[in-house]
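# Structure at a glance
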Amino acid sequence: MATRGFSGRGRTPSGQDRLPPGQYTTADFPVLSLGPTPRVSLDTWRFTLRVGPKPVKQWTWDEFNRLPMTGVTQDIHCVTKWSKYDTAWEGVSIDDLLADAGLDAPTPWVLAHSFDDYTTNVPFADLAGGRGMVALRYAGQPIDADHGGPARLLVPHLYFWKSAKWVNGLQFTQQDVAGFWELRGYHMYGDPWREQRYSGD
Amino acid sequence: MVPTPKRQWQVARVAAIETLTPRIKGFHFTLPEPPAFTAGQHMDVRLVAPDGYEAQRSYSIASAPERPDRIELAIERLEDGEVSSFFHDVVQVGDEIELRGPLGGHFVWSVEDGGPILLIGGGSGVVPLMSMVRHHAARASSIPVTLVTSARTAVDLLYLDEQRRLQANGVFRLVARVTREAAATPDLGSGRIDRPLLQGVLDAMPDPRIVFVCGSNPFVGTVADLLLDLGVTAGRIRTERFGG
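Residues numbered from 1 in each chain as written. Chains lettered and ligands numbered in written order. Predicted model: local features only at pLDDT ≥ 70, side-chain atom pairs only at ≥ 80, totals over all residues. Heavy atoms only, no water.

### Topic: the overall build of chain A
The test is simple: In this description a helix means any DSSP run of H or I spanning at least four residues, a strand means any run of E spanning at least two, and both kinds are numbered starting from the N terminus. Our radius of gyration is a C-alpha quantity, and the globule rule it is checked against amounts to 2.2 Å times the number of residues to the power 0.38. Whether two residues touch is decided by their heavy atoms; if any such pair falls within 4.5 Å, the residues are in contact. Surface accessibility follows the Shrake-Rupley procedure with a 1.4 Å probe radius. Residue values consider only the protein chains on display as shielding.
Across its full length, chain A carries two helices and eleven strands. Secondary structure elements in chain A, listed N-terminal to C-terminal, are β-β-β-α-β-β-α-β-β-β-β-β-β. Computed over C-alpha atoms, the radius of gyration of chain A comes to 17 Å, within 12% of the 17 Å expected from 2.2 N^0.38 for 201 residues, which places it in the range of a compact globule. By principal-axis analysis of the C-alpha atoms, chain A measures approximately 60 × 35 × 35 Å. Taking contacts inside chain A between residues at least 6 apart in sequence as the whole, the part at least 24 apart equals 67%. Accessible surface, chain A: about 8600 Å² in total, of which carbon and sulfur atoms supply 50%.

### What about helix α4 (residues 195-204) of chain B?
All names here are of chain B. Put simply, the rule reads: For every residue, the accessible area (1.4 Å probe, protein chains only) is compared with the maximum for its type, and the residue is labelled buried under 20%, exposed over 50%, or partly exposed between those bounds. Comment: arc refers to directions from the helix axis out to C-beta atoms. Think of a polar contact as two N or O atoms within 3.5 Å of one another; within protein, one of them needs to be a possible hydrogen donor and the other a possible acceptor, and neighboring residues in sequence only count if both atoms come from side chains.
Three or more residues of α4 are buried, namely L197, L198, V201 and L202. Seen from one end, α4 has its buried residues packed into an arc of 130°, which puts them on one side. With respect to the buried face of α4, the exposed residues turned more than 90 degrees away are P196, D203 and A204. Where the residues of α4 are buried, they touch β7 (117-122), β8 (145-151), β9 (172-178) and α5 (217-229). N-cap assignment for α4: the residue whose side-chain oxygen lies 3.1 Å from the backbone N of L197 is D194.

### Focus: the environment of A:L42
Residues and elements named next belong to chain A. Structurally, the position occupied by L42 is in the loop between β1 (24-25) and β2 (46-51). Taking the C-alpha atoms as reference, L42 lies 26 Å from G130; in sequence the two are 88 residues apart. Leave out the neighbours within four places in its chain, and L42 touches W61 and P150.

### Some remarks on the pairing of strand β3 (residues 42-48) of chain B
All names here are of chain B. Threshold: Pairing between strands is defined by DSSP: at least two bridges between them are needed.
Most of β3 is tucked away: seven of the seven residues are buried. Taking every second residue as pointing to the same face, both faces of β3 are buried, with H42, D44, R46 and V48 on one and M43, V45 and L47 on the other. Here seven bridges tie β3 to strand β4 (residues 54-60), and the two strands are oriented antiparallel to one another. The partner of V48 across the bridge, within β4, is E54. Linking two consecutive strands that pair antiparallel, namely β3 and β4, is a turn of five residues; a positive phi of about 100° is found at G52 within it.

### Topic: the domain arrangement of chain B
Residue and element names in this part refer to chain B. Condition: An automatic or database domain assignment is the source of the domain bounds shown. The term buried area means the drop in 1.4 Å probe accessible area that two parts suffer when joined, counted for both and summed.
Domain boundaries assigned for chain B yield domain 1 (9-103) and domain 2 (111-242). In this structure, domain 1 and domain 2 have C-alpha centres spaced 24 Å apart. The interface is formed by 18 residues belonging to domain 1 together with 17 residues belonging to domain 2. Buried surface at the junction of domain 1 and domain 2, both sides included, amounts to about 1400 Å², of which 56% is carbon and sulfur. If you sort the residues of domain 1 by the area they bury against domain 2, S60, A62 and E66 come out on top, with a joint share of 29%.

This is how it looks when you write it as structure tokens:
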């Protein structure tokens, strides 16, 4: 249905093919979180890889920073409608993380965990092959706490709630387990190009 | 429990437009299928140009769940806001606008969730909190509710007159502050929401079940940090950040 009087002055003709439906671009980096920004000390920071309930590998901050670092520059898309082009991240790819743990993906499903008890599910296929990382730096600097620092998951081809802030672990699960927002009406997969915002989309 | 979202787009009719503050208007919609929602949830709005280009935004519901037949969205005019300026400059009573929702299942409260509850809103961050306050009043609940609100000047304080009236029930308490002018009436304070103010609020309500904080990111960040410093556990603080 066309809206009376609306012509749309926000469109950016050259960028339409890189802007998913219903999104608009912003130069800012808005912050969305469900609660207070957690106070995470690097001294006690740990990242844990689990298979089901069982921890199979844990890294301290120093150990994690000695893993191979990968840089990516990607567009990101938030379900609240903003998109930001060309965000530059540096971190440890999930491929390198699993290689360091000597682990082959035991199941196709991953649940990411965070220091604030946030969780979100991402299929392993969307983390492997260089598609996902645990990011430690944004735009050449350590990631601000507001934006998920010291470390956040980065899965830029899915809506950004999948890129869990303050991430402290990945867990392989026996089935696709809904995380925090997925339990509250948001889509299990979250592909911006198919506009999978809410369950049923 | 939070109602299952209605995800289909509905064509809503603008039933009334109210100027709430110099920068914020309230848009009252009637929907073919009135949505069952919980206070704190939002609706998505979709504008479509004749060539198919569309713009979407989320806006918090200001009205009470008891009145699903008339949904109020309060929309602040943002600098360069494609959608907000369309609402402020073009939309008229009788227009048809596409909406879907309710959406959001975390920043929500109903009297069944219990209390006491503390609501802290900066500027237009009061909108979802007002839905909770109106719900509380519509249900004639005895749960203690305190609303701490701040805006630049007294005319920027959203729904101030209604909040003042609601205090008469004795269980709803309003603490309002203006940040950029001297308070002109005795029930308004001057200055930002700071530690002494929140300390006083928590002295009067020592063990809030949930604290809801809504506003700009700097506002929410500052208030949430103060609450943590004052001993409120992180699990009891729910935030919603506007802007960007």
